[in-house]
Protein chains: 2
Amino acid sequence: MELDERKMTILRAIIQNYLETGEPVGSRTISKYTDLNLSSATIRNEMSDLEEMGYIVQPHTSAGRIPSDKGYRLYVDMLMQDKQMEMDNLKLELNAKSEKLDNILKKAAKVIAVNTNYASMITAPRYRKHRIKFLQLTQVDTESLLAVIILEGNIVKNNLIHVNEELTQETLLKLNLMLNTFLQGLDLQEINASVMQKMRNESGGYSALISDILDVIATSLESEEVEAYTSGSTNIFKYPELNDSAKASTLLSALEEKKQLTELMYQEGDSERGIQVYIGDESPLEATKDCSVVTATYHIEEGVYGKIGIIGPRRMDYEKVVGTLKNLMSELDQIFKKDK
Amino acid sequence: MELDERKMTILRAIIQNYLETGEPVGSRTISKYTDLNLSSATIRNEMSDLEEMGYIVQPHTSAGRIPSDKGYRLYVDMLMQDKQMEMDNLKLELNAKSEKLDNILKKAAKVIAVNTNYASMITAPRYRKHRIKFLQLTQVDTESLLAVIILEGNIVKNNLIHVNEELTQETLLKLNLMLNTFLQGLDLQEINASVMQKMRNESGGYSALISDILDVIATSLESEEVEAYTSGSTNIFKYPELNDSAKASTLLSALEEKKQLTELMYQEGDSERGIQVYIGDESPLEATKDCSVVTATYHIEEGVYGKIGIIGPRRMDYEKVVGTLKNLMSELDQIFKKDK
DNA sequence: GTTAGCACTCAGACCATTTGAGTGCTAATA
DNA sequence: TATTAGCACTCAAATGGTCTGAGTGCTAAC
């Protein structure tokens, strides 16, 4: 059987109608809804064909039809190659000048959630390897040193180190110089035993302190799970099909935990560019089997990127979501470009 | 009428039973549950009295009784002055040495949520006024300066500032010296126009930069909303009485927003010490009218403290919750003491 | 190829009935 | 006088039957 023009129109009508109402849609509805001027009986025949081809399903005999994952997929694919969206204006109100990365991201997540009425999640950019760009120790008071570590991409980490004796200005300068000489441009793997040994040798009696500092660096680089922010997770209550306590609970847990979702977003073959759509069972994540997840990538610099995700019901308004995401992506790209 | 020994016992039995089951409890149950050896009829008489006194209510005629807010209140008050809890061992697994404040707090929130099966929230310590302890500018690369600001209580803030020209080492030293001389020990209110003017005068041509820096400081200090972490928010699905979508939704929104809850925790008359219990309508917060909220305070140093909160159903296991909180409070106090 | 008509299906609403847990009251008992 | 047994009563929730309406598939007519 062939998926001709008319079948397409009907399928599209079914999907759009279902997106609006959330109820299975019947033949009579479609016969009125479209401008094809076909009777419900004809529609029934076509629908029966569409069902056979797997694009729609009946939740039970004598109910209307709802789109299957395959049907959504077709619809989404059609959308994707379709005309460029007209952009509805969404702006991050940021005085970007002194705004920090995490604030920007939090706001972005919120903007998306509010605009789409779905749950959103955004991850901080993931650097392929965290190279040390710059290191600095400063005496804060008699008993503590502040270690500031700047990684490539201007991620700033800091940590207090407790010391017993006050260090002279001179010693600090020396230590700083040494640390930078040895460690600049390295990532965690490259700080191996031999580097560490050399540093200790040259430290002139401060080898204990050096160890402490290396410890701090190690935890800073290592524990770097990708940070993620969510927003609008309670939006899922707006969709009856997700709004039973078992489903809502697993979904919200996933959103709270973030970790799984992060993994999903950084999926293999994510192509680093463009927009990815997981419909229902297509998702490798158990918790989102009843949802659709749309992810997008924003870029900070070559090879450094983060992800935005939207989680909503299968009957998500894909058109709007994809539009909003594209929009926000370029917005973010802008901000980070200006930021340079 | 008087609340004699026997009535107390019965009330306690009703509450405890209701905590376990979540169902209204009837006279027959109590007559078997307690070791008073009274018939259900007698219990009925007593219950009728208790109802008249306002400690229990009937959800509808011919249902069992459930505790009223007043009843819970009595019960909680009894608990509070009761014997010291035996501590069940909960430990934060932390290698506290290099662990940062926010990590400790996140873990604490999690530990509580897991231990109690309620939702938990913890706020970072709130300083009455944020005084600047130490400031430092560092050149990171040709176009950016890193400004590190350490506030009293060792809260570290940092921000990148974009500059057009590279500064000499000497200029930086001078600027740093000046910044510290002028700003050390001040809080935001105290950085007024006259201080700013003086600084600009002495800056020797870097007044634009100084303005930028002051901007950064201002946002760092000002935007200091209390940070808060939540955990286990999905636990609320475990309690049928909260598990309808309207209630769950408002509650979860409150947990996601955090702001309202933070306000609740830093309530007027919070006495800075000890444990506070809000039962149902006692809470000034609309979103938690159907819940109970228990808050506790942990201390970092004189006058600097944060809050832990537990949110659960009215029929919360107050005994356990209060125990756990006391426990964790001392644990946290320990960690922060060691940390000094 | 399209349409009208008809029999059939099934979820959900509606209603009556039953069940069981719980109550209040009264009279008997210790 | 305090306690208890007994009984009539209430009401939520469960059960089960019936009806309704939206929807289908199939067939015959256009």
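Residues numbered from 1 in each chain as written. Chains lettered and ligands numbered in written order. Predicted model: local features only at pLDDT ≥ 70, side-chain atom pairs only at ≥ 80, totals over all residues. Heavy atoms only, no water.

It is worth spelling out the overall build of chain A at this point. Within chain A, the regular secondary structure consists of 11 helices and 10 strands. Residues counted as buried form 53% of the 340 residues belonging to chain A. For chain A, long-range pairs separated by at least 24 residues make up 61% of all intrachain contacts whose partners lie at least 6 apart in sequence. Accessible surface, chain A as shown: approximately 16,200 Å² in total, 46% of it carbon and sulfur. (Helix = DSSP H or I, 4+ residues; strand = E, 2+ residues; numbered from the N terminus. Buried < 20%, exposed > 50% of the residue type's maximum accessible area, 1.4 Å probe, protein only. Contact = heavy atoms within 4.5 Å. Areas by Shrake-Rupley, 256 points an atom, 1.4 Å probe, with all protein chains shown as cover.)

On the surface, a cluster of negative charge is made up of Asp244, Asp281, Glu286 and Asp290 of chain A. Among the structural elements, Asp281 of chain A can be located in the loop between β8 (275-279) and β9 (291-301). (Patch = residues over 30% accessible without salt bridge, like charges linked within 9 Å, V, L, I, M, F, W, Y side chains within 5 Å. Salt bridge = Lys/Arg side-chain N within 4 Å of Asp/Glu carboxyl O. Lys, Arg positive; Asp, Glu negative; His and termini not counted. Charge placed at Lys NZ, Arg CZ, Asp CG, Glu CD.)

This part takes up the protein's contact with DNA strand C. Every one of the 20 residues lining DNA strand C counts as a neighbour, but Arg6, Thr42 and Ser62 of chain A together with Ser27 and Arg65 of chain B are closest to it. The share of sugar and phosphate among atoms of DNA strand C within 4 Å of the protein is 79%. In the model, a phosphate oxygen of DNA strand C is placed 2.6 Å from a nitrogen or oxygen of the Thr42 of chain A side chain. Interatomic distance of 2.5 Å between a side-chain N/O atom of Ser27 of chain B and a phosphate oxygen of DNA strand C. Put simply, the parts of the chain that give the surface near DNA strand C at least two residues each are α3 (40-53) of chain A together with α3 (40-53) of chain B. Here the surface near DNA strand C gets 4 residues from one element, more than from any other, and that element is α3 of chain A. Grouping the amino acids of the surface near DNA strand C by side-chain chemistry returns 4 nonpolar, 12 polar and 4 charged. (Near = heavy atom within 4 Å. Polar contact = N/O pair within 3.5 Å; in protein donor to acceptor, adjacent residues only side chain to side chain. Nonpolar A, V, L, I, M, F, W, Y, C, P; charged D, E, K, R; others polar.)

Now for the protein's contact with DNA strand D. Surveying the vicinity of DNA strand D reveals 20 residues, the closest of which are Ser27 of chain A together with Arg6, Thr42, His60 and Ser62 of chain B. When the atoms of DNA strand D within 4 Å of the protein are sorted by group, sugar and phosphate make up 80%. At 2.8 Å, a side-chain N or O of Arg6 of chain B approaches a phosphate oxygen of DNA strand D. At a separation of 3.1 Å, a phosphate oxygen of DNA strand D approaches a polar backbone atom of Ser39 of chain B. Tallied by class, the residues present in the surface near DNA strand D amount to 4 nonpolar, 12 polar and 4 charged.

When you line up the elements, Ser48 of chain B lands in helix α3. When the C-alpha positions of Ser48 of chain B and Arg65 of chain B are compared, they lie 9.6 Å apart, and in sequence the two are 17 residues distant.

Here the focus is the domain arrangement of chain A. Along its sequence, chain A is organised into domain 1 (5-67), domain 2 (101-124 + 226-339) and domain 3 (132-222). With centres defined by C-alpha atoms, the gap from domain 2 of chain A to domain 3 of chain A works out at 37 Å. (Domains from an automatic or database assignment.)

Residues and elements named next belong to chain B. Taking 1.5 Å of rise per residue, 16 residues should cover 22 Å, and helix α5 (residues 101-116) covers 23 Å from first to last C-alpha, within 8% of that figure. Within the span of α5, buried status applies to Ile104, Leu105, Ala108, Ala109, Val111, Ile112, Ala113 and Thr116. Just downstream of α5 lies Asn117, where phi reads positive at about 65 degrees. (Expected span 1.5 Å × (residues − 1).)

All names here are of chain B. What the rule picks out here adds up to 22 salt bridges over all chains. In this structure, the salt-bridge partner of Arg73 is Asp77, at a minimum N-O distance of 3.3 Å. One end of the pair is Arg73 and the other is Asp77, both in helix α4 (residues 69-80) and 4 residues apart, which spans about a single turn. Relative accessible area serves as the criterion here: at 23%, Arg73 is assigned to the partly exposed category. Residue Arg131 is joined to Glu190 by a salt bridge in which the shortest nitrogen-to-oxygen separation is 3.3 Å.

So, on to the confidence of the model for chain A. Predicted coordinates in areas of low pLDDT are best not read in detail. When the pLDDT values of chain A are averaged, the result is 84; 89% of them are 70 or greater. By mean pLDDT, helix α8 (residues 207-222) of chain A is the weakest element of chain A at 79, and strand β3 (residues 119-123) of chain A is the strongest at 95. (pLDDT = per-residue confidence, 0-100.)

Let us look at the relation of the copies chain B and chain A. Note that the two copies of the chain are related through a rotation about an axis and a translation along the same axis. For the pair chain B and chain A, the best superposition has an RMSD of 0.1 Å and corresponds to a rotation of 180 degrees with a translation of 0.0 Å parallel to the axis. Here the copies are linked by what is in effect a two-fold axis. The overlap is high: 95% of the interface residues of chain B also sit at the interface in chain A, so the same surface is used on both sides. (Least-squares fit on C-alpha atoms with pLDDT ≥ 70 in both.)

Residue and element names in this part refer to chain B. A positive phi angle, close to 55 degrees, is found at Asn37, a residue other than glycine. Tracing the backbone shows Asn37 in the loop between α2 (27-33) and α3. What makes Asn37 exposed here is its relative accessible area of 71%. At Asn117, a position not held by glycine, the phi torsion is positive, near 65 degrees. Following the sequence through the fold, Asn117 ends up in the loop between α5 and β3 (119-123).

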